[in-house]
Amino acid sequence: MVLARQLSIVKRLSMITGFASLATLALLIVAILSNQGLLSRNLFEKKVKVLNHGELTLLTVSQSNGEFVGGTALLLLDIKPGNGMVYIDTYPLAKIDTVESVRFANEIACKFSTIDCSNYDFFYKIKAGSAVVSGPSAGAGIAALTLALLQGFQTDKSVAVTGTITSGGVIGPVSGIVEKCLAAEKAGLKTVLIPSIALVNISNQTVSKLENVTVNVVPVTTLDQVFKFLTHKQLQTISKIQSFDKEKPIQKPSFYDDIMKGIALDICEDANLVFKQLATLSGVNNTEFFANTNNESFDKAFVNEWFLKNNTYELLNTSLQLYDNALKALNNSEFYSAASMCYGFNVKAKSLIYHYLLNKSLTSVQDLNLKGLRLKQLINNFGSRLNSKHLNTLLNVQTFLVVRERLEESAKRLNEFFKLVNNSLQNQPIQSFNNTNTSLIENASSFEALQQDFQSMIAYKLALAEERYNTAVYWYRFFSANHSGIAFHTEQQVLKGLAFKKILKAEERVQYLGLLLPSINDEALDLLQSAKILFEDNHYLLALFKSAKAEARVNMVLSTIGVKQDQLQALIDAKLKAAKRLILEQKDFPFLGYSYYSYAKFLRHTDPYSALLYCEYALELSDLSMFFQKQGLDIAKPLTVWFILALTFATGLCLGLFLAFNALLRVLKASTVRKTRANVKSKRVESSKSRRFRKPWRGSRRASPGKKR
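Each chain carries its own residue numbering, running from 1 in the written order of its sequence. In keeping with the model being predicted, local features are shown solely for residues with a pLDDT of at least 70 and side-chain atom pairs are shown and tallied solely at 80 or more, while totals for entire chains, interfaces and linings include all residues. Side-chain metrics in this entry use all non-hydrogen atoms of the structure; hydrogen atoms and water are not considered.

How should empty space enclosed by the protein be read in this particular structure?
Leftover empty space is mapped by rolling, across the atoms, a probe with the size of a water molecule. Cavities and pockets were defined on a 1 Å grid built from protein atoms only: a cavity is a group of points that admits a 1.4 Å probe but offers it no way out, a pocket is an open group of points flanked by protein on both sides within 12 Å along at least five of seven lines, and a lining residue is one with an atom within 4 Å of any such point. Grid points are joined across faces, edges and corners, and a volume is the space filled by probe spheres set on the points. Summed over the entire model, instances satisfying the criterion amount to two cavities of 30 Å³ or more. Roughly 40 Å³ of volume is contained in the largest cavity. Around the largest cavity sit Gln398, Leu401, Phe545, Leu592, Leu621, Met626 and Phe627, which together line it. In the lining of the largest cavity, the residues fall into six nonpolar, one polar and no charged. Lys, Arg, Asp and Glu make up the charged group, whereas Ala, Val, Leu, Ile, Met, Phe, Trp, Tyr, Cys and Pro make up the nonpolar group; the residues left over, Gly among them, are polar.

Structural data, given as structure tokens:
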């Protein structure tokens, strides 16, 4: 009876294991098909029925006989299963800015959607009455229609949209709003969505014209607002947040403020020492200077004659103001802003100090060169230490990127310093300036003035290299943070693919900006070039980081096109809200993106353009998904290879389990046979023993032969 139960249990275990093996094989096949785009790549994504067709009315404006005339265009979109490709068909022709606008609008919509766009192809068609379709003003409508279909909703055909789409889903200004509204009225539409940022600078005459139209003119700021008016539904965010609460605070992990406070205090302590040295050399009385910074003539009474003679008073005043702002930021517990302000002060103040010492012969170029050589050794040692770190979490990845960036910039500025020093020691300052700063030659009135400027460049390069190295050392502390965040184990091959795609996208944006504003594209080009070099050297994480920053710079410039000075604060507000939304949606804390976000808030009133740049940095670097593939698994091998491996694994597993259980059954059977034989043998022994000791039989006996009875 016991044996039967054991055999029954073994058979059941065998069946369960067989089914588990088959289930494993099925999951592997699903993962492979998902990787090839044949199935949903995120098995746990929200199941939403993607609509395959939709249309939306766009508003256009053209010039005829010197006057603007409004019109309408029809936007058609077909979504089909595919690989994330975007196709554009316009009638009539489309200019390059329209093509780029469509691609960027598609990208923004996919970021807002809960659907993986890499599983679909998008076919856009724009039918307009003008000779050539141009301009990015259709961006908001394209993004909204794409998002609506991805989320499974049709759009209200009585609503029209005009506005550009910028990073973070912010709706940008367009021209000809009145003419477009009149065209919408003529077309029988009921509602027109226009960018709210454009209303800041609209004249009273324009407002009165808008009041006379019968259509309902609604100003919108973000893509989710456009989505709500078009679909009459609330957009569900990716992170399961039912509705975005603008007042909800960002929850920071405890380690962030602790470490950032320590960094700010240390950098500002360095600034305090530099401040005392600068005050001694310049003759500035600390208290009286800060009390009278708005009175230039009074301030100059406290300044050493050299600082006035060499036109360094403005730099001195700016650096001291940075120090004052840093102290205010520290008092308000804005630690990243305080650290940034103290860093800026240290660079400017140190460059003034080194320049003064060089000019007064209190130090020599050789002395500064020795200081630079010591710094070079420190950079090399610290770089080796950094490369040995194990990047096992997203926090470590972010820390590595920010430290490596500062370390590389320090090395770059130090190399520039050495070039200047070598030229100076060879008495060739003019030749060195041909490759360093041509404007200094043009502004220098004499060789003596040129030599002075040459000394200032040497001082500035060394000061910048020193401070970038110091900040790299301070930011290294985030490696010691007690934070169990999302694990990072992406393979190099996967990172290579991510970096390659990011570089291509950044290059597309940089080239687009170059077509519009070629003269202000240098910094983005430099970052992109650095990303390409890093990619060729197999530094894929750094290449990804640099290309993201290049794209952020381009987005900053593109976001300000058409924005007037009095519209900047409204634009910054919209960008800050978009960055906050993105930070709240992350499953792990994006401490680098949050740092840029907090600094943008700090600069919003005093330096709006820098605030916009840091908003763009926050938008780019807060999205931690940039470090991972969208697929559920990181698989980079072809389908046939993975299928063979999976089939081999599952077959071997099933065969091995079958043989193991078969052997177990044989062992149990053999054991049963042995026990049976032992029992039989035991019974025979007992039987023989019983016969041996049996009493004689008392019945009649047969007579012996030859014996008579």
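And the narrative resumes.
Is there a simple way to think about the packing of helix H3 (residues 139–150) against helix H6 (residues 223–231) in this case?
Pairs of packed helices are described in terms of their axes, by the angle between the two and the distance that separates them. In contact at an axis separation of 9 Å, H3 and H6 are set at 65° when each is read in the N-to-C sense. As for how H3 packs across H6, the hand of that crossing is right-handed. From H3, Ala140, Ala143, Ala144, Leu147 and Ala148 reach across to H6, where they touch Leu223, Val226, Phe227, Leu230 and Thr231. Considered class by class, the residues forming the contact of H3 with H6 number nine nonpolar, one polar and no charged. As a rule, the C-alpha atoms of each element are fitted with a line to give its axis, helices using only the stretch in contact, and angles between N-to-C directions run from 0 to 180 degrees. Labels follow the DSSP assignment, with helices taken as runs of H or I lasting at least four residues and strands as runs of E lasting at least two, numbered in each case from the N terminus. Here is the rule for handedness: rotate from the far helix to the near one, and if that takes an anticlockwise turn smaller than a right angle the crossing is left-handed, while a clockwise turn gives right-handed. The contact criterion used throughout is that any non-hydrogen atoms of two residues lie within 4.5 Å.

Before we go on, may I ask you to explain the state of the cysteines in this structure?
Simply put, the disulfide is a covalent bond whose two ends are the sulfur atoms of two cysteines. Criterion for a disulfide: a pair of cysteine sulfur atoms at a distance within 2.5 Å. As enumerated under the stated definition, the model contains two disulfides in all. Each sulfur in the disulfide pair Cys110 and Cys117 lies 2.1 Å from the other. Disulfide Cys110-Cys117: the torsion about the S-S bond is -105°, which places it as left-handed. Of the two residues, Cys110 and Cys117, both sit in the buried class. In the chain, the cysteines engaged in disulfides, taken in order along the sequence, are linked 1-2, 3-4. Per-residue accessibility, obtained with a 1.4 Å probe over protein chains only, is compared with the maximum for each type, and a residue is labelled buried under 20%, exposed over 50%, and partly exposed between these values.

Help me out: how do you make sense of the nonpolar core in this one?
Note that soluble globular proteins tend to have their nonpolar side chains buried in a common cluster. Only buried Ala, Val, Leu, Ile, Met, Phe, Trp, Tyr and Cys residues count toward a nonpolar core, and they belong to the same one when joined by side-chain atoms within 4.5 Å. Of all hydrophobic cores here, the largest spans 141 residues; its most connected members are Tyr256, Leu278, Phe307, Phe345, Phe478 and Phe627. Looking at this core element by element, the count peaks at 16 residues for helix H12 (residues 335–359). Setting aside residues up to four positions removed in sequence, Phe345 forms contacts with Ala271, Val274, Phe275, Leu278, Ser319, Leu320, Leu322, Tyr323 and Lys350. Membership of the second largest hydrophobic core comes to 45 residues, among which are Phe104, Cys117, Val159 and Leu223.

What am I meant to see in the pattern of salt bridges here?
Charged atoms that come close allow side chains of opposite charge to pair. Within this document, salt bridges are pairs made up of a side-chain nitrogen of Lys or Arg and a carboxyl oxygen of Asp or Glu, the two lying within 4 Å of each other. Overall, the coordinates contain 23 salt bridges when judged by the stated rule. For Arg477, the salt bridge identified is with Asp266, shortest N-O distance 2.3 Å. Here Asp266 lies in helix H7 (residues 254–282) and Arg477 lies in the loop between helix H17 (447–475) and helix H18 (492–516), a separation of 211 residues in the sequence. Look at Arg477 and you get partly exposed, because its relative accessible area is 30%. A relative accessible area of 28% places Asp266 in the partly exposed class. For Glu405, the salt bridge goes to Arg406, with nearest N and O atoms at 3.5 Å.

Would you mind showing me how to read the packing of helix H11 (residues 313–331) against H12 here?
Viewed as axis vectors pointing N to C, H11 and H12 meet at an angle of 155°, and their least axial separation amounts to 8 Å. As summarised for this structure, H11 and H12 are arranged roughly antiparallel, according to the angle between their axes. Note on packing geometry: the crossing formed by H11 with H12 is left-handed. Across from Leu315, Leu316, Thr318, Ser319, Leu320, Leu322, Tyr323, Asn325, Ala326, Ala329 and Leu330 in H11, the residues of H12 making contact are Phe335, Ser337, Ala338, Met341, Cys342, Gly344, Phe345, Lys348, Ala349, Ser351 and Leu352. Classifying every residue of the contact of H11 with H12 gives 15 nonpolar, six polar and one charged. Should an angle fall under 35 degrees it is taken as roughly parallel, and over 145 as roughly antiparallel, whereas 65 to 115 is taken as roughly perpendicular and any remaining angle as oblique.

I keep staring at H18 and nothing clicks. Help me out?
Note that an α-helix has 3.6 residues per turn; residues three or four places apart therefore point the same way. With 25 residues, H18 extends 36 Å between its outermost C-alpha atoms, agreeing within 8% with the 36 Å of an ideal straight helix rising 1.5 Å per residue. Where H18 is concerned, the buried positions are Val494, Leu495, Leu498, Ala499, Lys502, Ile503, Ala506, Arg509, Val510, Tyr512 and Leu513. Expected span of a helix, by definition, is 1.5 Å for each gap between consecutive residues, and there is one gap fewer than residues.

I tried to follow the environment of Leu59 on my own but got confused; where do I start?
Within the secondary structure, Leu59 is located in strand E1 (residues 53–64). C-alpha of Leu59 to C-alpha of Val192: the two residues are 133 residues apart in sequence and 8.9 Å apart in space. The contacts of Leu59, once residues within four sequence positions are left out, are Gly71, Thr72, Ala160, Val161, Thr162, Lys180, Ala184, Leu189 and Val192.

Treat this as a map of the structure, not an account of what it does.
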